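Residue-level structural notes
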Amino acid sequence: MQFHGYQTEGFRDEMFDESGSVRPEAKLLVETICSLEDGQLQRCQRAAERLLLQLGITFNVYGDSAGAERIFPFDLIPRIVRAEEWEWIERGLKQRIHALNEFIDDIYHDQKIVKDGVIPEEVIRSAAFYRPQCIGINPPKRVWCHITGTDLVRHGDGQIYVLEDNLRVPSGVSYVLENRELMKRTFPQVFEGLHVRPVDDYPSNLLATLESIAPPSSWQKSQKPTVVLLTPGMYNSAYFEHSFLAQKMGVQLVEGRDLAVLDGYVWMRTTKGLRKVDVIYRRIDDDFLDPEAFRPDSLLGVPGLVDAYRAGNVALANAPGNGVADDKVVYAYVPEMIRYYEGADAILPNVPTFLCWRDQDRRHVLQNLDKLVVKAANEAGGYGMLVGPHSTEAQRQEFAAKIETNPRNYIAQPTLALSRVPTLVNNNFEGRHVDLRPYILYGHDITVLPGGLTRVALRKGSLVVNSSQGGGSKDTWVLADPLAK
Amino acid sequence: MTGDTALLSRVADSLYWMARYMERAENVARFIGVNLNLQFDLPLDPAGQWQPLIDTSGDTAIFLERYGAANQSNVIQFLTYDSDNLNSIFSCLRAARENARSVRETISSEMWAQVNSMYLQMQAQPGMPEPESLPELFHSIRLGCHMFQGITDATMTHSEAWHFVRLGRKLERADKTSRILDVKYFMLLPSLRDVGTPYDDIQWSAVLKSVSGFEMYRKKFGRIHPRDIVDFLVMDREFPRSIHYSIRTADESIHAVTGTPMGAFTWPSERLTGLLRAELDFTSVDQILREGLHDYLDKLQVKMNAIDRGLSEDFFAAAPDDRAVAVQSQRS
């Protein structure tokens, strides 16, 4: 299959340069694809999709009664990241996560950063995921963000920017591991020639991270602490991932109804009575963790859990309250946070962000709605968003009214020309926009999974990569060695 | 405590029901398959052949209300595809899959893939196929269920979780064998004096085929005789679908779960299973027939239902008083 007629159409392309030549890191892959006979790639693609469905590697679509399970579309053409570029991304992510963790710990203790006038107190207090219940809590090792899935994008200028941090309960890592399995079956010869860095050790690293925060007492009574993964249940959109990670780590997958708090400790209900739980990797939001601490109407949570956590009898990952830094207004201050806590400039830049509660910014945003992307400060999944250049007059008016009513809740950013990767569309390759979500673990130290989830907007011209909005995924290949000149 | 993996009550419950639903799907498929075959040999009153299948499923009232008189097409529709009938093959596969999905980190990936593809295949079918491809359909469902069972035994560690799977399978099997025997015996009773006629032979052979027992019966008893058939299906110590065999292996699994020595009990459900097993160990077929087979099977059903409830109370239910259970777990 050939790339004849493939057009970069003026966009930054991850596989071809401006002149249309193959980038050196993609050379072997392109040669391999070109050597395939007609229809072979399409057959592989269909086989991969059948396999995903048969293995039940699916996500649930809310409000869809017809089956309600879909596969997350997968495209066989990977995104390749050069070793030296990855080295830079990794340094930038470690710096950023370290600063964010310092910030969250500061916010729930002395709030020095507020007192020193770097971030207005008002921004913190009005952040939707700020949790006053967490003031004074000291999570083990003072780590608040154990698992992070930072979204990165590359703009037309070639620069990689951080789009959002996703500190609360980031998902998608199971697709990284499953995509890689599919790719190894499809392109074994390319893997041999290229030295793609492996991702299979993620579950072991995740388990080590979780065990590292176990209460010290749990190491004495038995050889190893008991780690569980807490899921909202099989109707949650990310249920596949929950059971996948539990299975790969060899830990129990529990629901709230499997747990109980007694005498300040957390227990799970087993066929042989109660067993103590030491670490909970929770994949449910703060609000639903514990009806006594957060939402009293929640049926999902475990009453008393937060008290047990505060007493240090159980560890939670991620720490409740860390969503304060997921607020998109707080996001705008991350470069200043890095200067404040790390004494250095941010390695990975933020996307320039206008904060609508600043009068000057708001005026600019309202005058340029057709050029900007407007986002609600506390939404995710591509919801509550206006992409200016693709919007109608009516949509712009709707957002203008929303901004006027609640300026604190909106930010705006220039519309980025996200980079593209060739994608199999029918019988041709066409460029589609992508982002990249690496996964960062913070236990004893900070480690970054080499690669991450490359999400691709499968609709022509679309910039929205979310699975709920027509997005798919690609494997991400981080090369082990710098390319020989 | 170390090295022994705890099993969540909710997970044990799902494993048990996953297995029960798979076994149920297999049995329904076999009943229908045998009946399809039978009607070629019995030209008389073909419609009358289908009502007993509904009676076996225990859903006679629901069926009558929704479909009226039983015939081949509406019985197959009801028992195979009807998603409102919770005991149809489709519903069973759906329920087995939902249960498997909620414990897929406990079962092997191969088990999950098997139950998932069976469900997806069934779901993708546009409706009832042409009559000539019906036998093949039920054959392939049976085969799929056998494969699931084989995969389970070959890929899942035979630890506590597996014993709950086996418990579900065995109790469901004992239940289905007793139902088919009850319904058919009742139906064939008037012809008891015609024992040995070809008509009778075919009907009784069909009962045996319904539980895949025809060939094994022949090896043991040779000629078809109702008394021997009851002996074989209720009492046989070695035939894997007999009630006795099923209850004995269920009893073994409960003991494997609890760690109580065989012949003793600590949990109420263990006691009930042991009682039933002992009774089957020491009953004779002639005593059962003297008492009346129908009465006997009726009481058996009641006992098996009590075991099912007992398992649920002893192992699956969220303990009403967690504190009491906590004390117990420290003791053990």
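Residues numbered from 1 in each chain as written. Chains lettered and ligands numbered in written order. Predicted model: local features only at pLDDT ≥ 70, side-chain atom pairs only at ≥ 80, totals over all residues. Heavy atoms only, no water.

1. Quick look at the pattern of salt bridges
Applying the stated rule across the entire model yields 65 salt bridges over all chains. Arg180(A) is the partner of Asp475(A) in a salt bridge, and the nearest nitrogen-oxygen pair spans 2.8 Å. With a gap of 295 residues between them, Asp475(A) in strand 23 (residues 471–478) and Arg180(A) in helix 6 (residues 173–186) connect regions that are remote in the sequence. Exposure remark for Asp475(A): the relative accessible area of 1% places this residue in the buried category. The class of Arg180(A) is buried, set by a relative accessible area of 2%. Sharing partners across several salt bridges, the network here consists of Arg20(B), Arg24(B), Glu172(B), Asp175(B), Lys176(B), Arg179(B) and Asp308(B). (Salt bridge = Lys/Arg side-chain N within 4 Å of Asp/Glu carboxyl O. Helix = DSSP H or I, 4+ residues; strand = E, 2+ residues; numbered from the N terminus. Buried < 20%, exposed > 50% of the residue type's maximum accessible area, 1.4 Å probe, protein only.)

2. Let's talk about the pairing of strand 7 (residues 227–230) of chain A
Residues and elements named next belong to chain A. Of the two faces of strand 7, the one holding Val227 and Leu229 and the one holding Val228 and Leu230 are both buried throughout. In this sheet, strand 12 (residues 279–282) lies alongside strand 7 in parallel orientation, the contact comprising four bridges. Counted as the bridge partner of Val227 is Val279 from strand 12. In this fold, the crossover linking strand 7 to strand 8 (residues 252–254) by way of helix 10 (residues 239–249) has right-handed handedness. (Pairing = 2+ DSSP bridges. Right-handed = clockwise from strand over helix to strand, strands pointing away.)

3. Observations regarding the domain arrangement of chain A
Here chain A is described as being made up of domain 1 (216–313) and domain 2 (354–414). Of note, the centres of domain 1 of chain A and domain 2 of chain A, computed from C-alpha atoms alone, are 39 Å apart. (Domains from an automatic or database assignment.)

4. Looking at the packing of aromatic side chains
Enumeration according to the criterion identifies 26 aromatic pairs over all chains in this entry. When the centroid spacing of 5.6 Å and the interplanar angle of 40° are considered together, the rings of Trp17(B) and Tyr21(B) count as tilted. Within this pair, Trp17(B) and its partner Tyr21(B) are both found in helix 1 (residues 9–41), separated by four residues, close to a single helical turn. On the accessibility criterion, Trp17(B) (24% relative accessible area) is partly exposed. Relative to Phe232(B), the ring of Phe221(B) lies with its centre 6.4 Å away and its plane at 85°, an arrangement referred to as edge-to-face. Pair noted here: Phe221(B) is in helix 10 (residues 214–221) and Phe232(B) is in helix 11 (residues 226–235), with a separation of eleven residues, a long-range link. Three or more aromatic residues joined by ring pairs form one cluster here, namely Tyr16(B), Trp17(B), Tyr21(B), Phe164(B), Trp267(B), Phe315(B) and Phe316(B). The ring of Phe399(A) has Lys402(A) sitting right over it, with the charged end atom 4.6 Å from the ring centre. Above the ring of Phe214(B), the side-chain terminus of Lys209(B) is found at 5.0 Å from the ring centroid. (Phe/Tyr/Trp six-rings, centres within 6.5 Å; stacked < 30°, edge-to-face > 60°. Lys NZ or Arg CZ within 6 Å of the ring centre and 35° of its normal.)

5. A word on the interface of chain B and chain A
The extent of an interface is frequently quoted as the accessible surface area lost upon association of the parts. Listed per partner, the contact involves 34 residues of chain B and 32 residues of chain A. Buried area between chain B and chain A, summed over both chains or domains, comes out near 3100 Å², and the portion from carbon and sulfur atoms is 48%. At the boundary of chain B with chain A, the tally comes to three salt bridges. Here Glu255(A) makes a salt bridge to Arg10(B), at a shortest N to O gap of 3.5 Å. On the surface where chain B and chain A come into contact, there are 20 residue pairs in polar contact (both at pLDDT 80 or more). At the level of secondary structure, the elements contributing two or more residues to the side of chain B that touches chain A comprise helix 1, helix 5 (89–102), helix 6 (109–124), helix 8 (160–188) and helix 16 (322–331) of chain B. For the side of chain B that touches chain A, the element with the most residues is helix 6 of chain B, which contributes six residues. Its residues assigned to classes, the side of chain B that touches chain A comprises 17 nonpolar, seven polar and ten charged. (Contact = heavy atoms within 4.5 Å. Buried area = accessible area lost by both parts, 1.4 Å probe. Polar contact = N/O pair within 3.5 Å; in protein donor to acceptor, adjacent residues only side chain to side chain. Nonpolar A, V, L, I, M, F, W, Y, C, P; charged D, E, K, R; others polar.)

6. Side note on the side chain of Ser212(A)
All names here are of chain A. Here Ser212 lies in helix 8 (residues 202–212). Under the relative-accessibility criterion, Ser212 is labelled buried at 9%. Setting aside its immediate chain neighbours within four residues, Ser212 contacts Lys141, Gly443 and His444.

7. Quick look at the packing of helix 12 (residues 243–258) of chain B against helix 13 (residues 268–281) of chain B
All names here are of chain B. Between helix 12 and helix 13, the shortest axis-to-axis distance is 9 Å and the interhelical angle comes to 145°. The crossing of helix 12 and helix 13 is left-handed. The residues of helix 13 that touch helix 12, namely those facing Ile243, His244, Ile247, Arg248, Ala250, Asp251, Ile254, His255 and Thr258, are Ser269, Glu270, Thr273, Gly274, Leu276, Arg277, Leu280 and Asp281. Its residues assigned to classes, the contact of helix 12 with helix 13 shows six nonpolar, six polar and five charged. (Axes fitted to C-alpha atoms, helices over the stretch in contact; angles between N-to-C directions. Left-handed = near helix turned anticlockwise from the far one by under 90°.)

8. Thoughts on the sheet that holds strand 13 (residues 315–317) of chain A
Residues and elements named next belong to chain A. Read from one edge to the other, the open sheet built from four strands follows the order 8-7-12-13, with strand pairing classed as parallel. With partners counted over all chains shown, the strands left at the sheet margins are strand 8 and strand 13, one partner each. With strand direction ignored, the average angle separating the axes of adjacent strands in the sheet is 30°. Across three bridges, the pairing between strand 7 and strand 8 is parallel. Residue pairing for strand 8: Val228 is matched across the bridge by Gln252.

9. Observations concerning the pairing of strand 3 (residues 74–81) of chain A
Within a regular strand, the side chains alternate between the two sheet faces. Residues and elements named next belong to chain A. By the criterion of burial, strand 3 is predominantly enclosed, with eight of the eight residues buried. Bridging between strand 3 and strand 23 involves five bridges; their strand directions are parallel. Directly across from Phe74, in strand 23, lies its bridge partner Ser473.

10. Examining unusual backbone geometry
All names here are of chain A. Of note, the amide linkage connecting Ala317 to Asn318 takes the cis form, showing an omega dihedral of -5°. Even without being a glycine, Lys141 presents a positive backbone phi close to 60°. Within the fold, Lys141 resides in the loop between helix 5 (121–125) and strand 4 (147–149). Within the chain, Asp263 stands out as a residue other than glycine whose phi angle is a positive 50°.

11. Here's the deal with the nonpolar core
In a soluble, globular protein the nonpolar side chains are often hidden away together inside. Ranked by size, the top nonpolar core spans 168 residues in total, and within it Phe103(A), Ile280(A), Leu15(B), Ile32(B), Ile89(B) and Phe138(B) carry the most contacts. For this core, the leading source of residues is helix 1 of chain B, giving 14 residues. If we ignore the near neighbours within four places in the chain, the residues touching Phe103(A) are Ile113(A), Ile119(A), Ile124(A), Val324(A), Ala325(A), Val330(A), Met337(A) and Tyr341(A). The next biggest cluster of nonpolar side chains, apart from the first, holds 65 residues, and it includes Ala26(A), Leu52(A), Phe191(A) and Val251(A). (Core = buried A, V, L, I, M, F, W, Y, C linked by side-chain atoms within 4.5 Å.)

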